Amino acid sequence: MSVYTDRSHEAALRQTLYWQAKKPETSADIFQYGEYLFGLKDYRNAVLQYVKAAKLGNISAMYTLAYCMKMQQGCAANPVDEARLFREVIENDLMSDEKKAAYRLGMCYTYGFGTAIDMGKGFSYFQKISATDGHAMYELGLFYKLGKNGVVVDLEQAEKYFRQAYDADCEQAIFDLYEIFSEEFLNFPYKRELTQAYAFKLGRLLRVAEVNPSKDALNRLAEFYQKGFPGDDLVNIKKFRCLADSYRQQADSFVD
């Protein structure tokens, strides 16, 4: 397994320098700038960029904006606009051969975004692009981990897909991989990768809460501290829980 965070730090620095020197103007640029902000966990400002790009007809922005509405990441729920955007994305992607279109269709059918749930279709779309798309690998890992749609639970297969997904820059995969080992940190073979991924994610959550504070950002930071660091001792767990309570109180009193 490659060291994900080494690449991620380098990529983050390149992206930061790039966007410091470039003003996004086209719909593609605006969407990519939103993706940069989303990667920093700055969901609220990312959503502002997705809105701009979606108004210019960018399909990727429409999908991600609808997803943010669904998950309430950086914006409030808006079922009407969410459904409309997902339907427009599906209509477009059914006529496209692009890899991104296959991934979006896989997500829409698997989770019922703008359409009826059809996990069989979702699984098929993910399989089509699984050789080259880390997030599709991750979704297939979930099928085998959870036994979705009659797929037999196969933790070896799930582990294989999560490892490949993590090496293909899907951050969440390392955390799901850890859960396969019943959260036994001592027996987990990728402790260094998990530690780095945890620290990297926490750093971005802290940055957003400090630079662009919002109720959402503070609550996400509180949730992360509440869950704690894998394999930590009781003293540090207690410290993290106190920090979680502190950020939760700040979130409760914060006025956006």
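Residues numbered from 1 in each chain as written. Predicted model: local features only at pLDDT ≥ 70, side-chain atom pairs only at ≥ 80, totals over all residues. Heavy atoms only, no water.

(A) Representation of the pattern of salt bridges within the structure. A full pass over the atoms with the stated rule returns 10 salt bridges. A salt bridge links E171 to R204, with the shortest nitrogen-to-oxygen separation between them at 2.0 Å. In this pair, E171 sits in the loop between helix 9 (155–167) and helix 10 (173–180) while R204 sits in helix 11 (residues 191–211), placing the two residues 33 residues apart along the sequence. Comparing E171 with R204 shows no difference in burial state: the two are buried. Notably, a salt bridge pairs D216 with R220, separated by 3.2 Å at the nearest N-O pair. Linking D216 with R220, this pair stays in helix 12 (residues 215–227), spanning four residues, or about one helical turn. (Salt bridge = Lys/Arg side-chain N within 4 Å of Asp/Glu carboxyl O. Helix = DSSP H or I, 4+ residues; strand = E, 2+ residues; numbered from the N terminus. Buried < 20%, exposed > 50% of the residue type's maximum accessible area, 1.4 Å probe, protein only.)

(B) Structural context of helix 4 (residues 59–71). Over its 13 residues, helix 4 runs 18 Å from end to end, which matches the ideal 18 Å to within 8%, given 1.5 Å per residue. Counting buried residues along helix 4, 10 of its 13 residues qualify, which places the element largely inside the surrounding structure. Looking only at helix 4, the buried set comprises I59, S60, A61, M62, Y63, T64, L65, A66, C68 and M69. Looking at the buried side of helix 4, the elements it contacts are helix 2 (27–39), helix 3 (43–55), helix 5 (79–93) and helix 6 (99–111). Where helix 4 begins, the side chain of N58 points an oxygen toward the backbone nitrogen of S60, at a separation of 3.1 Å. Positive backbone phi, at 55 degrees, marks Q72, one or two positions downstream of helix 4. (Expected span 1.5 Å × (residues − 1). Contact = heavy atoms within 4.5 Å. Polar contact = N/O pair within 3.5 Å; in protein donor to acceptor, adjacent residues only side chain to side chain.)

(C) Representation of the nonpolar core. F162 and I174 are the most contacted members of the largest nonpolar core, which has 72 residues in total. For this core, the element with the highest residue contribution is helix 4, accounting for eight residues. (Core = buried A, V, L, I, M, F, W, Y, C linked by side-chain atoms within 4.5 Å.)

(D) Seen up close, the packing of helix 8 (residues 134–146) against helix 10. Two elements in contact, helix 8 and helix 10, have axes whose closest approach is 11 Å; the angle formed by their N-to-C orientations is 20 degrees. As judged from the angle between their axes, helix 8 and helix 10 are roughly parallel. The hand of the helix 8/helix 10 crossing is left-handed. Residue-level contacts link Y138, L142 and K145 of helix 8 to A173, D176 and E179 of helix 10. (Axes fitted to C-alpha atoms, helices over the stretch in contact; angles between N-to-C directions. Parallel < 35°, antiparallel > 145°, perpendicular 65-115°, else oblique. Left-handed = near helix turned anticlockwise from the far one by under 90°.)

(E) Representation of the packing of aromatic side chains in the model. The full count for this structure, using the stated rule, is 26 aromatic pairs. Through a chain of ring-to-ring contacts, the aromatic side chains of Y178, F181, F185, F188, Y190, Y198, F224 and F229 assemble into a single cluster. Over the ring of F200 we find R204, and its NZ or CZ is 4.2 Å from the ring centre. (Phe/Tyr/Trp six-rings, centres within 6.5 Å; stacked < 30°, edge-to-face > 60°. Lys NZ or Arg CZ within 6 Å of the ring centre and 35° of its normal.)

Shape is all these values report; function is a separate question.
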